[in-house]
Amino acid sequence: PPEQLPLDPAKKTLVVLGSGWGSISLLKKLDTEDYNVVVISPRNFFLFTPLLPSCTTGTIEHRSIMEPLRHIIRHKKRAVKYYEAEATKIDVDRRVVKINDFSDIKGNVSETEVPFDYLVVGVGAENATFGIPGVRENACFLKEIGDAQQIRKRVMDCIETATFKDQTEEEKDRLLHMVVVGGGPTGIEFAAELQDFFEEDLRKWVPDIADRFKVTLVEALPNVLPMFSKALIEYTEKTFKDENISVRTKTMVKKVTDKNIEVEATQADGSKVKENINYGLLVWATGNAVRGVVRDLMGQLPAQKNSRRGLAVNDYLVVDGTDGIWALGDCSATKYAPTAQVASQQGNFLARLFNSMAKTQAVEEELRRLDQQLQASTDEAEKAQLTAEINAKGRSLSKVKQLSPFEYSHQGSLAYIGADRAVADLNWFGGAISSATGGELTYLFWRSAYVSMVFSLRNRILVLTDWLKTKAFGRDVSRE
Ligand code: FAD
Ligand code: NAD
């Protein structure tokens, strides 16, 4: 890495919360020469979430989709400070963030405050459970790298326990029943990866479970993948049927215990029937909820009174009711879906905004200096030259100040649905062509689209190597 400029007390302090899609896109494009940047996040890496479902079965190894934050900040022009901690409170009046180190190893100091001039909140969201009893205690989520590792272990644990000596038939069926709640893209992609694992590897290495292993997807609404077109929803449901994944739509989970879920299914005649479904592994993927630190911030601001899904922001992503605080990604509430695509475009936008704010300030300072020179000058030729310079600088100032509001450009939605297939709703060439496709070609497109999106060259090579390894040797069935 290159030599870096030290922090400069004359520059403004920009504190960035989070190291996800929004904050990292901002950091990558931000000219750190103009600010003292401080990043606070409990996760010292960026996680490429679109490939997280592939880590649950070992199609891709988890470290291949993690990019160390230290690699990213060490390449910036000016040094960037990083604290591995959670922001526990944003104090708007005092302009400080309270931070806590909740990691296993703590020093004498594990709680402190960080002052800011500007603050970007990119802390993402947490898993929604809708207060349904038993979910947090018994289900796995699929949001962080640890979740994928836990699922991978539990799948193999269920399998080894099902094949334990003298295991009862009923217990075998329970242990080998993998239930996924939520038919959004997370639930669909995970169910697909799991069924692939079974068909391509488990069936071969553990033949005794071949007739019993079962994946069921439970969705409260009448269909899965609501953000996709009708044709692709049908294609997905048909593909799942062919792959033997059972899809239970119009079925709402009401309660969870350690071995079963209680559901309420709506029948064709509109009547509701209660049912208990036994499971060995339960994966909960019912979308996003607002994080505590964000809820607390919203509570401090009367302007956020009516916001429910997250921080309400204006067209420039400034948090309503604040000055100098911005929010992006899943913790903000905008008209867009909470996706990586939106968060990363917002991060790029904020980088442009901060870069142009710094340029504006620099030009304004230069203008002040020229003006003072002009006032003091008595030489006509020098005065004319200074006036011309001031005019030119004034024109360039109005140009850098003209930053248009954030606008999202939707590139399309892609989801892997198993058996080498993917669905894609694409929106290209400024929306002029919108195509909805499914099938093997889409799958190839899906893979290449993701490989080209994974940020660093190092990660691209790691992901490609994992795919090749899986093709050549299959997935690893050891439980570690
Ligand atoms: P995140 O990426 O979640 O990052 C939040 C960051 O904040 C993390 O670094 C976290 O550690 C940190 N943080 C948390 N709490 C605190 C705190 N108190 N203080 C400081 N930092 C904190 N979207 C797509 O567009 N395409 C896809 O294919 C896709 N696939 C997905 C697959 C899965 C399995 C999942 C779970 C999501 C997927 N998404 C996809 C959605 C996408 O990941 C999110 O929309 C995106 O991550 C949002 O970015 P973000 O920066 O707001 O939050
Ligand atoms: P989601 O909000 O998209 O879907 C959650 C689903 O769970 C909903 O369909 C909801 O009806 C269902 N549900 C809620 N409560 C339920 C209950 N009690 N019982 C049964 N079903 C219940 O959540 P997600 O799939 O985690 O996605 C979150 C965000 O991340 C979305 O914006 C999504 O677009 C994005 N994402 C995108 C991709 C992709 O593009 N490939 C992949 C993963 C996530």
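Residues numbered from 1 in each chain as written. Chains lettered and ligands numbered in written order. Predicted model: local features only at pLDDT ≥ 70, side-chain atom pairs only at ≥ 80, totals over all residues. Heavy atoms only, no water.

Asks: Lay out the nonpolar core in plain terms, naming residues and giving numbers.
Replies: Of all hydrophobic cores here, the largest spans 123 residues; its most connected members are Leu17, Leu51, Ile65, Val121, Phe213, Leu350 and Phe354. For this core, the element with the most residues is helix α10 (residues 340-376), which contributes nine residues. Shared between two domains, this core holds at least three residues of each, these being domain 1 (12-125 + 290-357) and domain 2 (135-288 + 409-473). With residues near it in sequence (within four places) discarded, Leu51 still touches Ile60, Ile65, Trp446, Tyr450, Val454, Val463 and Trp467. Listed in part, the 15 residues of the second largest apolar core include Ile132, Val135, Val181 and Val263. (Core = buried A, V, L, I, M, F, W, Y, C linked by side-chain atoms within 4.5 Å. Buried < 20%, exposed > 50% of the residue type's maximum accessible area, 1.4 Å probe, protein only. Helix = DSSP H or I, 4+ residues; strand = E, 2+ residues; numbered from the N terminus. Domains from an automatic or database assignment. Contact = heavy atoms within 4.5 Å.)

Asks: Which residues make up the site of ligand 2, and what values go with them?
Replies: Taken together, 23 residues lie near ligand 2, and Thr186, Glu219, Val253, Pro338 and Leu414 sit nearest. With respect to ligand 2, the side chain of Glu189 contributes an N or O atom lying 3.3 Å from a nitrogen atom. Taking Glu219, its side chain carries an N or O atom lying 2.6 Å from an oxygen atom of ligand 2. With the chains in place, 79% of the 840 Å² that ligand 2 exposes on its own is no longer accessible. Within the residue set of the shell around ligand 2, elements represented by two or more residues are α7 (185-205) and β14 (251-256). Among the residues making up the shell around ligand 2, the classes are represented as 13 nonpolar, eight polar and two charged. (Near = heavy atom within 4 Å. Polar contact = N/O pair within 3.5 Å; in protein donor to acceptor, adjacent residues only side chain to side chain. Areas by Shrake-Rupley, 256 points an atom, 1.4 Å probe, with all protein chains shown as cover. Nonpolar A, V, L, I, M, F, W, Y, C, P; charged D, E, K, R; others polar.)

Asks: Give me the lowdown on the pairing of strand β13 (residues 245-248), citing residues and values where you can.
Replies: As defined by bridge partners, strand β12 (residues 214-218) adjoins β13 across four bridges and the pair is classed as parallel. Bridging from a neighbouring strand, Thr216 pairs with Ser246 of β13. Taking the sense of rotation as the criterion, the β-α-β connection linking β12, helix α8 (residues 230-242) and β13 turns out right-handed. (Pairing = 2+ DSSP bridges. Right-handed = clockwise from strand over helix to strand, strands pointing away.)

Asks: Which residues make up the environment of Asn100, and what values go with them?
Replies: With respect to the element layout, Asn100 can be found in strand β7 (residues 96-100). As a C-alpha pair, Asn100 and Glu113 span 13 residues in sequence and 8.8 Å in three-dimensional space. With sequence-adjacent residues up to four places away left out, Asn100 is seen in contact with Ala85, Glu86, Thr88, Ser110 and Glu111.

Asks: How would you explain the packing of helix α12 (residues 440-453) against helix α13 (residues 457-473) if you had to name every residue and give the values?
Replies: Orientation of α12 relative to α13, taken along the N-to-C sense of each, is 150°, at an axis distance of 8 Å. Of the possible angle classes, the one that applies to α12 and α13 is roughly antiparallel. In this structure, α12 crosses over α13, and the sense of that crossing is right-handed. Of the residues in α13, those touching α12 at Trp446, Arg447, Val451 and Ser452 are Arg460, Val463, Leu464 and Trp467. Its residues placed into classes, the contact of α12 with α13 shows five nonpolar, one polar and two charged. (Axes fitted to C-alpha atoms, helices over the stretch in contact; angles between N-to-C directions. Parallel < 35°, antiparallel > 145°, perpendicular 65-115°, else oblique. Left-handed = near helix turned anticlockwise from the far one by under 90°.)

Asks: Account for the site of ligand 1, with residues named and values stated.
Replies: Taken together, 29 residues are adjacent to ligand 1, and Gly22, Thr49, Ala87, Asp330 and Tyr450 come closest. Residue Thr49 places a side-chain N or O atom 2.6 Å away from an oxygen atom belonging to ligand 1. A distance of 2.7 Å separates an oxygen atom of ligand 1 from a polar atom in the backbone of Asp330. Here ligand 1, which alone exposes 1000 Å², has 90% of that area covered by the protein. Looking at the shell around ligand 1, the elements that each hand over two or more residues are α1 (21-29), β2 (35-41), β6 (86-91) and α10. Of all the elements, α10 adds the most residues to the shell around ligand 1, at three residues. Its residues assigned to classes, the shell around ligand 1 shows 13 nonpolar, 12 polar and four charged. The residue makeup of the shell around ligand 1 includes at least three contributed by each of domain 1 (12-125 + 290-357) and domain 2 (135-288 + 409-473).

Asks: Can you explain the environment of Arg458? Please cite residues and give values.
Replies: Tracing the backbone through its elements, the reader meets Arg458 in helix α13. Take Arg458: its relative accessible area is 37%, and that puts it in the partly exposed class. Linking Arg458 and Pro6, residues 452 residues apart in sequence, is a C-alpha distance of 27 Å. Discounting residues that sit within four places of it in the chain, Arg458 has contacts with Met66, Pro68 and His71.

Asks: How would you explain the packing of aromatic side chains if you had to name every residue and give the values?
Replies: All told, the structure shown has 17 aromatic pairs when counted by the stated rule. Between Phe198 and Phe213 the ring centres are 4.6 Å apart and the planes differ by 15°, which places this aromatic pair in the stacked class. Residue Phe198 is found in helix α7, and its partner Phe213 is found in the loop between α7 and β12; the two are separated by 15 residues along the sequence. Both residues of the pair, Phe198 and Phe213, count as buried. Residues Tyr443 and Trp446 carry aromatic rings whose centres are separated by 6.2 Å and whose planes lie at 15° to one another, so their mutual orientation is stacked. Of this pair, Tyr443 and Trp446 both sit in helix α12, three residues apart, which is roughly one turn of that helix. (Phe/Tyr/Trp six-rings, centres within 6.5 Å; stacked < 30°, edge-to-face > 60°.)

Asks: Outline the sheet that holds strand β9 (residues 118-121), listing residues and values.
Replies: The strand order across the open sheet formed by five strands is β5-β2-β1-β9-β20, and the pairing between neighbours is parallel. Unpaired on one side and paired on the other, β5 (80-84) and β20 (325-327) mark the two borders of the sheet. Each strand of the sheet is rotated relative to its neighbour by a mean of 15°, with strand direction disregarded. In terms of strand pairing, β2 meets β5 through five bridges, oriented parallel. Within β5, the residue paired with Ser41 across the bridge is Glu84.

Asks: Report on the pattern of salt bridges, specifying residues and quantitative values.
Replies: For the coordinates displayed, the defined rule picks out 22 salt bridges. In this structure, Arg212 engages Asp173 in a salt bridge whose closest nitrogen and oxygen atoms are separated by 3.0 Å. You can see Arg212 sitting in the loop between α7 and β12 and its partner Asp173 sitting in helix α6 (residues 169-175), a full 39 residues away along the chain. Among the residues examined, Arg212 registers a relative accessible area of 22% and is labelled partly exposed. Residue classification places Asp173 among the partly exposed residues on the basis of a relative accessible area of 39%. A salt bridge links Glu199 to Arg203, with the nearest nitrogen and oxygen atoms 3.0 Å apart. (Salt bridge = Lys/Arg side-chain N within 4 Å of Asp/Glu carboxyl O.)

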